[in-house]
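Coordinates in review
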There are 2 protein chains.
Amino acid sequence: MAAYSSQLLENAVNQFASLPGVGSKTALRFVLNLLRRSESEVDDFAQVISKLKHEVHYCRECHNLSDAPVCTICANARRDHSTICVVENIRDVMAIENTQQYQGIYHVLGGVISPIDGIGPDNIEVESLVSRAMKPEVKEVIFALPTTMEGDTTCFYLYRKIAPRTELKITTIARGVAVGNELQYADEITLGKSLQNRTVFQQ
Amino acid sequence: MAAYSSQLLENAVNQFASLPGVGSKTALRFVLNLLRRSESEVDDFAQVISKLKHEVHYCRECHNLSDAPVCTICANARRDHSTICVVENIRDVMAIENTQQYQGIYHVLGGVISPIDGIGPDNIEVESLVSRAMKPEVKEVIFALPTTMEGDTTCFYLYRKIAPRTELKITTIARGVAVGNELQYADEITLGKSLQNRTVFQQ
């Protein structure tokens, strides 16, 4: 689709087409959908986007997205502030929160160490994690990072930085066969880990 | 994904998720992508959307989207103003323009007659087409409407409205086997039409 009858239309299509996974046909579909809405609805749409960027905070404790300088999780006194779960990004926080199994607090690195992408320890929130982990009230740091080369590198790097505080417990989330998955389809590394880290059977 | 750490984030995700075919995970991906951009880029994004709705015109001749009261096609004196191609929506205009085979002008109905959806002749741009077709300088009206029940109904309705002007040529785009398609996969109606409307073979 090349010939747009309107420059305004073309600009809007190009903006939407700049979003990940959106081509010009999908972008046009979005724009035509917006055009069918009322002016106030479209203004709301535009305003919410602009407001998000201007007003959103990154929590000064855990770097999670937040409406206030400190996020609702860090500000919640009923959460266990002695346990910090280290994750790559805010999507991981949402995934863990949805399990409703975790009562501690988080630390969002904002990425993992990846020399090939030019991301070193200084580009992600490593220093702030190290200073948090040094606080006496912190008892445990859980690594919940991806099992990729980059994720593993980040785990080792963080471990070396925080292990000197010997009273700190450093753990990583369990790797094993997913609930509902069949053994024959699990890869060897996962299956091997699930055997190594077997737990006592409970009825 | 239920637990957003920020209301601003949730609002933005909900806005994007209101677009056709966008779920909350895709919407979150869009929003996180926007958050990684600079403030001025995000402001541009928001402004282009708002501007589109406030400043775009529907051409007063053909009802195509336009930056000015009359679109560039209708305003172009080098186009053949004696031929009007009737289409359902502006996407069809773009598709025909991309063929570079058509030199006439358009009429965008903004829909087809569909009693089941409550769309009657008064809800689409029928009256303005009839008055355009009555002008002496117009020699031909081409129907380029979908071959659905609704498209056919609209063609018949329009035909009855404009046929009284007997000097007007009323045509419809050819239906046949698509270029590159194999005969065995064409449906019977299309193949039948392609035989009925066979053309003289030219080398």
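Throughout what follows, the structure given in this document is the object of discussion. Quick caveat: nothing in here was measured; it's all calculated off a predicted structure. Here the residue index of a chain counts from 1 through its sequence in written order. Whichever chain is written first becomes A and whichever ligand is written first becomes 1, with later ones labelled in order. Residue-level local features of this predicted model are given only where pLDDT is at least 70; pairs of side-chain atoms are given and counted only at 80 or more, and the full residue set underlies all totals for whole chains, interfaces and linings. Only hydrogens and water are set aside when side-chain values are computed; all heavy atoms of the structure are taken into account.

Brief notes about the nonpolar core
We define a nonpolar core as any set of buried Ala, Val, Leu, Ile, Met, Phe, Trp, Tyr and Cys residues linked to one another through side-chain atoms lying within 4.5 Å. Think of it in three bands: with a 1.4 Å probe and only protein chains considered, a residue is buried below 20% of the maximum accessible area for its type, exposed above 50%, and partly exposed in between. By size, the foremost hydrophobic cluster in this structure holds 113 residues, and its most contacted members are Leu9(A), Phe16(A), Val86(A), Leu9(B), Phe16(B) and Val86(B). Contact criterion: two residues are considered in contact whenever any of their non-hydrogen atoms come within 4.5 Å of each other. Apart from the residues lying within four places of it in its own chain, the contact partners of Phe16(A) are Val22(A), Ala27(A), Phe30(A), Val31(A), Leu34(A), Phe45(A), Phe16(B), Leu19(B), Phe45(B) and Ile49(B).

Looking at the pattern of salt bridges
All names here are of chain B. The term salt bridge refers to a side-chain nitrogen of Lys or Arg lying within 4 Å of a carboxyl oxygen of Asp or Glu. The full count for this structure, using the stated rule, is six salt bridges over all chains. Across the pair Glu 97 and Arg 79 runs a salt bridge whose closest N-O atoms are separated by 2.8 Å. Note that Glu 97 is positioned in helix α5 (residues 90–99) and Arg 79 in the loop between α4 (72–75) and β3 (80–87), a separation of 18 residues in sequence. An identical accessibility class is assigned to Glu 97 and Arg 79; each is buried. Per the convention used, a helix needs a DSSP run of H or I reaching at least four residues, while a strand needs a run of E reaching at least two, with both numbered from the N terminus.

A word on the interface of chain B and chain A
At the junction of the two partners, chain B supplies 55 residues and chain A supplies 55 residues. For the purposes of these results, a polar contact is taken to be a pair of N or O atoms within 3.5 Å, where, inside protein, one atom must be able to donate a hydrogen and its partner to accept one; residues adjacent in sequence count only when each atom of the pair is a side-chain atom. Our count for the chain B to chain A interface comes out at 22 residue pairs in polar contact (both at pLDDT 80 or more). Only α1 (7–17), α2 (24–35), α3 (39–55), β2 (65–66) and α5 of chain B provide two or more residues apiece to the side of chain B that touches chain A. Element by element, the count of residues in the side of chain B that touches chain A is highest for α3(B), at 14 residues. Here the side of chain B that touches chain A is built from residues that sort into 29 nonpolar, 15 polar and 11 charged. Charged means Asp, Glu, Lys or Arg here, nonpolar means Ala, Val, Leu, Ile, Met, Phe, Trp, Tyr, Cys or Pro, and polar covers whatever is left, Gly included.

Some remarks on the pairing of strand β6 (residues 169–172) of chain B
Residue and element names in this part refer to chain B. DSSP bridges decide pairing: two strands pair if at least two such bridges lie between them. Examined bridge by bridge, strand β5 (residues 140–144) and β6 share four bridges and lie parallel to one another. Within β6, the residue paired with Val 141 across the bridge is Ile 170. One crossover worth recording links β5 to the parallel β6 by way of helix α7 (residues 149–162), and it is right-handed. Here the term right-handed applies to a crossover when the path leading from its first strand over the helix to its second strand runs clockwise, the strands being oriented away from the viewer.

Some points on the sheet that holds strand β5 (residues 140–143) of chain A
Residues and elements named next belong to chain A. Within the open sheet, the four strands sit side by side as β4-β3-β5-β6. Their pairing is parallel. Both outer strands of the open sheet, β4 (104–108) and β6 (169–172), are each paired with one neighbouring strand and no more. For this sheet, the mean angle separating the axes of adjacent strands, direction not counted, is 25°. The strands that helix α5 (residues 90–99) touches are β3 (80–87) and β4; relative to β4, the one it contacts most, it runs at about 160°. With respect to the sheet, helix α6 (residues 126–133) is in contact with β3, β4 and β5, its orientation differing from that of β4 by roughly 150°. An axis is simply a line fitted to the C-alpha atoms; with a helix, the fit covers only the stretch in contact. Between two such axes, the angle follows the N-to-C directions and lies from 0 to 180 degrees.

Overview of the state of the cysteines
Residues and elements named next belong to chain B. Disulfides are defined as cysteine sulfur pairs within 2.5 Å. For the coordinates displayed, the defined rule picks out zero disulfides over all chains. Considering cysteine sulfurs only, Cys 62 is the nearest to Cys 71, which forms no disulfide, with 3.6 Å between them. The cysteine Cys 155 is free of any disulfide, with Cys 85 supplying the nearest cysteine sulfur at 11 Å.

Re the relation of the copies chain B and chain A
Superposing chain B onto chain A takes a rotation of 180° combined with a translation of 0.0 Å along the rotation axis, leaving an RMSD of 0.1 Å. Seen this way, the second copy is the image of the first under a two-fold rotation axis. Relative to the rotation axis, the closest C-alpha in chain B is found at Ala46(B), a distance of 2.2 Å. The fraction of interface residues of chain B whose copies in chain A are also interface residues reaches 100%, indicating that both copies meet through the same surface. Residues reaching a pLDDT of at least 70 in both copies supply the C-alpha atoms on which the copies are superposed by least squares.

Just geometry here; none of it tells us what the structure is for.
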